[in-house]
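Geometric and topological summary
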Amino acid sequence: LWAIATVPVIIGLAISIVRDLLAGRLGVDAVAFISMSAAILLGEPLAGAVVAVMYAGGNLLEDFAVARAERDLKSLVDRAPRLAHRRHDSSIEDVPIEQVSVGDSILVRAGEVVPVDGIILASTATLDEAALTGEPIPVTRNVGELARSGTINAGATFELKASASAGESTYAGIVRLVTAAQTAKSPFIRLADRYALILLPVTLAIAGAAWLLSGDPIRGLAVLVASTPCPLILAAPVAFIAGVSHAARLGILIKGGGPLEALARTHTVMFDKTGTLTVGGARLVAVETAPGENPDDVLRLAASLEQASQHVVAAAIVAAAISRGLTLEVPDQVRETMGSGVEGTIAGRRIKAGSRQLVCGPGSMDPWAVRALRRASWRSALSVFVSVEGRVIGAILLGDELRRETPRAVQSLRTAGVRRIVMVTGDRADAAETIGAALDLDAVLANREPSDKVDAVAFEQRLHPTLMVGDGINDAPALAAADVGIAMGARGASASSEAADVVILVDRLDRVSQAVIIARRARGIAIQSITVGIGLSGIAMIAAAFGYLTPVAGALTQEAIDVAVILNALRALTPEWRLGRETMQALQQEHLQLDASLDRLREIADALDDAPPASAAVLIREAAALVTTKIVEHERDDEGRIYPRLAKFLHDGHGLAA
């Protein structure tokens, strides 16, 4: 009966081993095959049956562990919406999301998953974006902002206008990336099988020596059974799948164990600048005004006029005015000069907004305008001058800026073990060097075309394993060329996310360092599981060789070792520390409240450039009051109450450096 229970497992194993050999591989299953076959031949069918049961049980445990580790990835796919509530005239009809077209009006009820990407039409929407970004705190999106598919409506019912079909929406791209992550195979798994090349001859040698020295073949069988590492080496793929799943919860999609293993070996990180280290796109930096003019009036007039333009700079000016709550007017008789600016009539007055040449003309400039251009140069910003009836009233400075989390993200990479950090960008050298100096980067490569970026990556690769981080289509060749490519905040259908090995769904640069930390921890746990497991197996083999373990006891001992190492591998599922949601919310709210004070300090600093003595004294007193009553008070509260609570959760001091 014991033999009958064992033979089917032996046959199945034999078929599997033949397939591996035909594919040029020799796996650790060969040890299990030899031990079960020897047990039958030596008249120890019970030991063979125990190994067979343990082997099958080990595979079952592995399946359970993999399923547990993949649960977060599968949940992304399983929760994909199937239906959309489409408005048709005055009624609402339920249609499959595949039938939704761009421009359709879609109703999203409370608690539902947003079916397609769309622009919010009326009122505000409160969205839970945790499935995409890993952020647990719901966010509020206003009219005109994008609601991404896959997020959950955490507030009242709202309506959106579809901006993409279901197949081209964010969530569809995520599902494709998740599928790729689940089906990819890790090189480390193949590396783990190489242990069989050492384990198999060593096991046979010890078993043969035990038989020869004792004269008892059962001793040799006990050694074989004790060495059977059925799911032992499978602890490596379990650890990697667990690492991939852990990263997915933070909005980091790693396309399988291969990229994870490569990520763990990263020595050099190369960053694109625009949209990666910086926010990307034109943002309002400052509003410079002629003496006696109001900054809000300058911005309101420019934004009212720019509503008639399709230029990206026009969109940035309009967005800045709306964010400040300014009421815009409809312009008349608008004429746009491509590349220079736009002019038109607002409330009967002739308004111009554009380049210095268009608005100011060839004559000499007022001192305030010269200072505005100088400040624009310092900040690598674009200047948009504004005039009313031929009189220049102000200039709007638009530029890119560092992400708030960039300095900490760079320092975290160094703490994680990255030795070299390089910025490679198509931007001009002076703007790139300014950022490189601010971040203390090891090298800055400016004025690089996409092909130049590929060459730069190839050069670094020849020296060390290299990671490339970018966000645009022009970064796709470099992302594909690097050992690991990370696409920042990419949409699932974009070229960069298709070329990348890792896609960060949330627009947060610090997720790059988190990805490296997760990968290194998962790889460390995998190596730990293999090393400890093989070490314990070696002890069990020696004990069996000296007669301290019978074949049945050896099989049970080996299975206990296997269970232990697989459970250890599952540690890669969990973070090393957790920060409470209430603490995160409190920190976020306190720092948002400080933004207004910090913005005012910047305005005061700019105003002091040309303020007369009496006005300067007033501004300085205001700045002193802001610093002493708000900022210093906040910082002292942080140092006395917040930092001690945070310190135990952080690997190093970089998280508190700001």
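In this text, all values refer to a predicted model and were calculated from it rather than measured experimentally.

This part takes up the overall build of the chain. Helices and strands together make up the secondary structure of the chain, namely 24 helices and 22 strands. The 658 residues of the chain split such that 46% are buried. Of the accessible surface of the chain, which amounts to about 29,900 Å², a share of 58% is contributed by carbon and sulfur atoms.

We note that Ala 347 has phi near 50°; this positive angle belongs to a residue other than glycine. Mapped onto the elements, Ala 347 comes out in the loop between strand S14 (341–346) and strand S15 (349–354). According to the relative accessible area criterion, Ala 347 is exposed, its value standing at 64%. Unlike most non-glycine residues, Asp 440 shows phi in positive territory, near 55°. Considering the arrangement of structural elements, one finds Asp 440 in the loop between helix H17 (429–439) and strand S19 (443–445).

On to the environment of Pro 115, then. The topology assignment puts Pro 115 in the loop between strand S3 (105–108) and strand S4 (118–120). Along the backbone, Pro 115 and Ala 172 are 57 residues apart, and their C-alpha atoms lie at a distance of 9.7 Å. What Pro 115 contacts, discounting residues up to four positions off in sequence, is Pro 81, Leu 83, Ala 84, Ile 97, Ile 106, Val 108 and Ser 149.

For strand S16 (residues 382–388), the tally of buried residues reaches 6 of 7 residues, placing the bulk of the element in the interior. Bridge count for S16 against strand S17 (residues 391–399) is 7 bridges, and the pairing is antiparallel. Across the sheet, residue Ser 383 finds its bridge partner in S17, namely Leu 397. Hairpin geometry of S16 and S17 is characterised by an intervening segment of 2 residues between the two adjacent antiparallel strands and by a positive phi of about 50° at Glu 389.

What the rule picks out here adds up to 20 salt bridges. Residue Glu 343 is joined to Arg 335 by a salt bridge in which the shortest nitrogen-to-oxygen separation is 2.8 Å. What makes Glu 343 buried here is its relative accessible area of 8%. The partner of Arg 408 in a salt bridge is Asp 510, with the nearest N and O atoms 3.1 Å apart. Residue Arg 408 is found in helix H16 (residues 406–415), and its partner Asp 510 is found in helix H21 (residues 510–545); the two are separated by 102 residues along the sequence. On the accessibility criterion, Arg 408 (34% relative accessible area) is partly exposed. Judged by its relative accessible area of 4%, Asp 510 is buried. One connected set of salt bridges, linked through shared partners, spans Arg 86, Glu 93 and Asp 104.

Quick look at the side chain of Ser 513 now. Along the polypeptide, Ser 513 turns up in helix H21. Within the structure, the side chain of Ser 513 is placed 2.8 Å from the backbone oxygen of Asp 510, a separation counted as a polar contact. Ignoring anything within four residues of it in the chain, the contact list for Ser 513 reads Ala 409, Ser 412 and Leu 413.

Attention now moves to the sheet that holds strand S8 (residues 152–153). An order of S6-S5-S8 is seen for the 3 strands of this open sheet, with the pairing classed as antiparallel. Here the strands that pair on one side only, and so sit at the sheet edges, are strand S6 (139–141) and S8.

On to the nonpolar core, then. Judged by nonpolar contacts, the single largest core of 54 residues is most densely connected at Leu 263, Leu 467, Ile 486 and Val 512. Counting residues per element, this core draws most heavily on H21, which supplies 9 residues. Contact partners of Leu 263, with chain neighbours within four places excluded, come to Ile 254, Leu 467, Val 484, Ile 486, Ala 515, Val 516 and Ala 519. The next biggest cluster of nonpolar side chains, apart from the first, holds 25 residues, and it includes Ala 39, Val 223, Met 541 and Ala 555.

Right, let's talk about the side chain of Thr 266 for a bit. Structurally, Thr 266 can be placed in the loop between helix H10 (257–264) and strand S11 (268–271). At 2.8 Å, the side chain of Thr 266 and the backbone oxygen of Leu 263 are in polar contact.

A few words now on the packing of helix H1 (residues 2–22) against helix H2 (residues 29–41). Two elements in contact, H1 and H2, have axes whose closest approach is 10 Å; the angle formed by their N-to-C orientations is 145°. Once H1 is placed against H2, the crossing between them reads as left-handed. On H2, the residues that touch Ala 3, Thr 6, Val 9, Ile 10, Leu 13, Ala 14, Ser 16 and Ile 17 of H1 are Asp 29, Ala 30, Ala 32, Phe 33, Met 36, Ser 37 and Ile 40. Taken together, the residues that form the contact of H1 with H2 break down as 11 nonpolar, 3 polar and 1 charged.

Among all positions in H16, only Thr 406, Ala 409, Val 410, Ser 412 and Leu 413 are buried. With its buried residues spanning 160° around the axis, H16 presents them on a single face. Where H16 ends, the next residue or the one after it, Gly 417, has phi of about 110°, a positive value.

With antiparallel pairing, 6 strands are arranged side by side in an open sheet as S2-S1-S3-S9-S4-S7. Either end of the sheet is taken by a strand with one partner, and the two such strands are strand S2 (91–96) and strand S7 (146–147). Sheet analysis places strand S1 (residues 83–88) next to S3, joined by 2 bridges and oriented antiparallel. Its bridge partner lying in S3, His 85 is registered against Leu 107.

A separate point is the packing of aromatic side chains. Evaluation of the coordinates by the stated rule reveals 1 aromatic pair. Considering the side-chain rings of Trp 368 and Phe 385, the 6.4 Å spacing of their centres and the 50° angle between planes classify their relative orientation as tilted. Of this pair, Trp 368 sits in helix H15 (residues 367–378) while Phe 385 sits in strand S16, and the two are 17 residues apart along the sequence. Residue classification places Trp 368 among the buried positions, given a relative accessible area of 7%.

Take the packing of H2 against helix H8 (residues 217–226) next. Two numbers describe how H2 lies on H8: the axes approach to 8 Å, and their chain directions differ by 145°. Of the two possible hands of crossing, H2 and H8 adopt the one that is left-handed. Taking contact as the criterion, the partners of Val 31, Ile 34, Ser 35, Ala 38 and Ala 39 in H2 are, on H8, Leu 221, Leu 224 and Val 225. Of the residues assigned to the contact of H2 with H8, the class counts are 7 nonpolar, 1 polar and no charged.

What follows concerns helix H12 (residues 295–306). Taking 1.5 Å of rise per residue, 12 residues should cover 16 Å, and H12 covers 16 Å from first to last C-alpha, within 8% of that figure. In terms of residue burial, H12 counts as a mostly covered element, since 9 of its 12 residues are buried. Restricting attention to buried positions, one finds in H12 the residues Val 298, Leu 299, Arg 300, Leu 301, Ala 302, Ala 303, Ser 304, Leu 305 and Glu 306. Capping the start of H12, Asn 294 holds a side-chain oxygen 2.7 Å from the backbone nitrogen of Asp 296, two or three residues further along.

Rules used in this analysis
- Residues numbered from 1 in each chain as written.
- Predicted model: local features only at pLDDT ≥ 70, side-chain atom pairs only at ≥ 80, totals over all residues.
- Heavy atoms only, no water.
- Helix = DSSP H or I, 4+ residues; strand = E, 2+ residues; numbered from the N terminus.
- Buried < 20%, exposed > 50% of the residue type's maximum accessible area, 1.4 Å probe, protein only.
- Areas by Shrake-Rupley, 256 points an atom, 1.4 Å probe, with all protein chains shown as cover.
- Contact = heavy atoms within 4.5 Å.
- Pairing = 2+ DSSP bridges.
- Salt bridge = Lys/Arg side-chain N within 4 Å of Asp/Glu carboxyl O.
- Polar contact = N/O pair within 3.5 Å; in protein donor to acceptor, adjacent residues only side chain to side chain.
- Core = buried A, V, L, I, M, F, W, Y, C linked by side-chain atoms within 4.5 Å.
- Axes fitted to C-alpha atoms, helices over the stretch in contact; angles between N-to-C directions.
- Left-handed = near helix turned anticlockwise from the far one by under 90°.
- Nonpolar A, V, L, I, M, F, W, Y, C, P; charged D, E, K, R; others polar.
- Arc of directions from axis to C-beta.
- Phe/Tyr/Trp six-rings, centres within 6.5 Å; stacked < 30°, edge-to-face > 60°.
- Expected span 1.5 Å × (residues − 1).

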